[in-house]
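Coordinate inspection notes
Listed here are the chains, written in short residue letters.
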Amino acid sequence: MDNFVVEVKGVSKVYGKTIKTVALHEMNLGFKAGSFNAIIGESGSGKSTLLNIIGTLDRPTKGEVIINGVSTRNMSKGRLGDLRNETLGFVFQFHYLLPEFTALENVLMPYRIANGKADKKSQERAKEILDLVGLEKVENNLATNMSGGQQQRTAIARALMNQPKIILADEPTGNLDSQTTDGIYQLFRKINVELGTTFIIITHDRRVAEKADRIVEILDGRISLDIVK
Amino acid sequence: MKLAFDIALRFLKSSKGQTALIVLGIAIGVSVQIFIGSLITGLQKSLVDKTVGSAPQITVSPKTDGDFILDAQAQIKTIIAANPDEIINPVAVTQGPAILKTPEKSTTIIMRGFDWKAAQGIYKINDRLVKGKLGLNENEVIIGKDLAEKLSIKIGDTIEMITPTGKTGQFLVTGFFDLQVKSLNESWILTNEETAQTFFETGEGVSQIEMQVKDVFVADEVAMAVENRLNDDTLKVTNWKEENAALLSGLSGQTASSLMIQVFVLISVVLGIASVLAISVVQKSRQIGILKAMGMHNPKASLVFLFQGFLLGVLGAFVGIGLGIGLSWSFATFVTNADGSSLVPFYIDWYFIGISAGIAITASTLAALIPAIRVSKLDPMEVIKNG
Ligand SMILES: Nc1ncnc2c1ncn2[C@@H]1O[C@H](COP(=O)(O)OP(=O)(O)O)[C@@H](O)[C@H]1O
Ligand SMILES: [Mg+2]
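First things first, this report covers the structure right here in the doc. (Residues numbered from 1 in each chain as written. Chains lettered and ligands numbered in written order. Predicted model: local features only at pLDDT ≥ 70, side-chain atom pairs only at ≥ 80, totals over all residues. Heavy atoms only, no water.)

Describing the packing of helix H11 (residues 245-283) of chain B against helix H13 (residues 298-334) of chain B
A pair of packed helices is characterised by two quantities: the angle between their axes and the separation of those axes. Residues and elements named next belong to chain B. Their axes nearest at 11 Å, the elements H11 and H13 cross at an angle of 140 degrees. Taken together, the axis directions place H11 and H13 in an arrangement best described as oblique. Viewed along their axes, H11 and H13 form a crossing whose handedness is right-handed. Contact residues: H11 offers Leu-277, Ser-280 and Val-281, while H13 offers Phe-305, Gln-308, Gly-309 and Leu-312. When its residues are assigned to classes, the contact of H11 with H13 shows four nonpolar, three polar and no charged. (Axes fitted to C-alpha atoms, helices over the stretch in contact; angles between N-to-C directions. Helix = DSSP H or I, 4+ residues; strand = E, 2+ residues; numbered from the N terminus. Parallel < 35°, antiparallel > 145°, perpendicular 65-115°, else oblique. Left-handed = near helix turned anticlockwise from the far one by under 90°. Contact = heavy atoms within 4.5 Å. Nonpolar A, V, L, I, M, F, W, Y, C, P; charged D, E, K, R; others polar.)

Focus on the sheet that holds strand S8 (residues 198-202) of chain A
Residue and element names in this part refer to chain A. Read across the sheet, six strands follow the order S6-S7-S8-S3-S9-S10 without closing on themselves; strand pairing throughout is mixed. A strand with exactly one partner marks an edge of an open sheet, and here the two such strands are strand S6 (88-91) and strand S10 (222-228). Going from strand to strand, the sheet's axes swing by 15 degrees on average, the running direction of each strand aside. Those strands touched by helix H5 (residues 148-160) are S6 and strand S7 (166-170), and its axis lies near 170 degrees from that of S6. (Pairing = 2+ DSSP bridges.)

Some remarks on the pattern of salt bridges
Enumeration according to the criterion identifies 16 salt bridges over all chains in this entry. A salt bridge links A:Arg207 to A:Asp182, with the nearest nitrogen and oxygen atoms 3.7 Å apart. On the criterion of sequence distance, the pair formed by A:Arg207 in helix H7 (residues 206-209) and A:Asp182 in helix H6 (residues 178-195) is long-range, its members being 25 residues apart. Of the residues examined, A:Arg207 reaches a relative accessible area of 43% and is grouped as partly exposed. By relative accessible area, which is 25% here, A:Asp182 ends up partly exposed. Put simply, B:Lys145 and B:Asp178 hold a salt bridge, and the shortest N to O gap is 3.9 Å. Here the residue B:Lys145 occupies a position in helix H6 (residues 145-151), and B:Asp178 occupies one in the loop between strand S7 (168-177) and helix H7 (182-187), the gap between them amounting to 33 residues. Looking at B:Asp178, the relative accessible area reads 16%, which means it is buried. Where salt bridges share partners, they join A:Arg112, B:Lys2 and B:Asp6 into one cluster. (Salt bridge = Lys/Arg side-chain N within 4 Å of Asp/Glu carboxyl O. Buried < 20%, exposed > 50% of the residue type's maximum accessible area, 1.4 Å probe, protein only.)

Structural notes on the packing of helix H1 (residues 2-14) of chain B against H13(B)
Residue and element names in this part refer to chain B. Running from N to C, H1 and H13 cross one another at 55 degrees; their axes reach a closest spacing of 8 Å. It follows from the interaxial angle that H1 and H13 lie oblique. Here H1 runs over H13; the crossing is right-handed. The segment H1 lies against H13, with Ala-4, Phe-5, Ile-7, Ala-8, Leu-9, Phe-11 and Leu-12 engaging Lys-300, Leu-303, Val-304, Phe-305, Phe-307, Gln-308, Leu-311 and Leu-312.

So, the sheet that holds strand S1 (residues 4-15) of chain A
All names here are of chain A. Strand order across the open sheet formed by four strands is S2-S1-S4-S5, with antiparallel pairing between neighbours. Both edges of this open sheet fall to strand S2 (21-32) and strand S5 (70-71), since each of them pairs with a single strand only. Pairing between S1 and S2: eight bridges, direction antiparallel. If you follow Val-14 over to S2, its bridge partner there is Val-22.

Considering the interface of chain A and chain B
Contacts between chain A and chain B engage 27 residues on the former and 26 residues on the latter. Across the chain A/chain B interface, buried area totals approximately 2,300 Å², and carbon plus sulfur atoms make up 65% of it. At the boundary of chain A with chain B, the tally comes to three salt bridges. A salt bridge links B:Arg10 to A:Glu105, with the shortest nitrogen-to-oxygen separation between them at 2.7 Å. The interface formed by chain A and chain B contains 13 residue pairs in polar contact (both at pLDDT 80 or more). Among the secondary structure elements, those contributing two or more residues to the side of chain A that touches chain B are helix H2 (77-87) and helix H3 (103-115) of chain A. Looking at the side of chain A that touches chain B residue by residue, the classes come out as twelve nonpolar, six polar and nine charged. (Buried area = accessible area lost by both parts, 1.4 Å probe. Polar contact = N/O pair within 3.5 Å; in protein donor to acceptor, adjacent residues only side chain to side chain.)

Quick notes on unusual backbone geometry
Residue and element names in this part refer to chain B. In this model, Ser-152 sits at a positive phi of 40 degrees, which is unusual for a non-glycine residue. Positionally, Ser-152 belongs in the loop between H6 and strand S6 (158-162). Despite not being glycine, Glu-201 has its phi angle at roughly 55 degrees, a positive value. On the basis of relative accessibility, which here comes to 56%, the residue Glu-201 falls in the exposed class.

Things to note about helix H15 (residues 369-377) of chain B
All names here are of chain B. By the burial criterion, the buried members of H15 are Pro-371, Ala-372 and Val-375. Buried residues of H15 fall within an arc of 105 degrees about the axis and therefore sit on the same side. Turned more than 90 degrees away from the buried face of H15, the exposed residues are Ile-370 and Lys-377. As for H15, its buried residues are in contact with H11, helix H12 (285-293), H13 and helix H14 (350-367). (Arc of directions from axis to C-beta.)

Okay, structure coming up:
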């Protein structure tokens, strides 16, 4: 048995009470630490549902999600929050930056959620990450005063702030042009190689998926293809 | 705590128009409270001051008519010890009725004798003396200007008076006073202590001890303390409040109606804050959703909105205090009587203002409870799904 950093065990998700939509069918899936994974599939196949359940933002109807070897099934909301804060980084199709704060302050947010005040060390770290994503020049811009690509890169920097084991990205480049998209995937790879962060990325871009270590295709809530390179 | 506070501050700063509107709402509420409060208090103070400001507010006298208090100075010491912070202007008064006879007419008067200096506290004789001088020597008296007019008495005249026991005395009129109350100006004749004591044959005794209190509204409590301290069955202690029950019930009616106004102002302020903050929860749901996705706990997220309520309350209270004091001052300055004196004196009660501000801040924070509860129920999934 492999050592999985994330494991999905018999997970089903059913939406609705009267008219039931089964989004996931008893799915079993594990991701190895430090791996770079792509999830593909048609729209409505259940990709986002799976990722949100892995990210503990949503609870499965049946089955369980094991993160770092610990089942999240019986964790309280507070415990789940701490788990997300410490071990998971999220990048969504929309950046969800806080428009009232600057890029740097947004990046510091996960740290401050855990520690209240941002000390010097954390500030320096946030700046380093902004350098890494190429935003050192706009770190003091309000989130609203940046281009779409810059906003998404800020969101990525924010996801990296607490040095998470796993980054979950749901169509992170869905709203960006192809050049920016390439830049962001190169960045993901760089972080994956340098920091050993596990990536689980939903994408509909075949070109991008082909660069991943593993491609999981979902069809109607079931795994239809699982290619490991 | 710090993060929640910082986020609250940023949220308020980022929607300046909305923030300014709520702050203005709270400020107007607080200023109306302060204005009405200080108006009513000022009005009541001036009314009470006119009624009992130049009169004894607590009086100690023998229970039996015609008895005297011996050793008045020692008794005054005991009385003051009952509440040295409140009791002021004590004065021993020797008084009695007498008939004043002039060739044409005779009239009943009350002769009151006291130490001129001690009486200055309550009666402000020096200011009230409109002509002549105080009667410092034996058998010298001053009389009210209305009595002088009625009986056409002039300064330097000698008048004759008879006590109920039939004793006659001759007195030299050295001055006229005006106590600004016609009945007193017509019936009182004032003199020094010895003259009255000799005329009424009280020896060293005095008829009563009068005093005032710093806060006229606690006169009844102080009177009670004096009674306990004296612990003397032969003496009775009265205060102005028991003798002015009608005035007091009028005042308390006024206070109740001002309280009602304040309560309604408060309710409207609270409703305003609660509704605006409830809207802002919807406006900020993306931010709250992502903060929770990143691990912020529900109570912390709620705290962001409680802090917003608190900050709005503090800001509103400060602006409101400024407005309220300005309003009260303008009213006192520009709304005047015919003679130019203000209709209602300018009066700042910091204690009351403090309470108003405290209530506004508490109410604002509590008003934020409803939005705060909504925040804690917000599921980050809703936000993330809907983009
Ligand atoms: N909140 C919901 N209520 C009901 N059905 C839902 C809800 N969210 C998703 N679904 C359904 O679940 C299925 C999978 O959706 P989703 O995971 O968003 O797909 P994908 O991300 O692959 O496009 C779809 O049929 C979708 O309509
Ligand atoms: Mg999706």
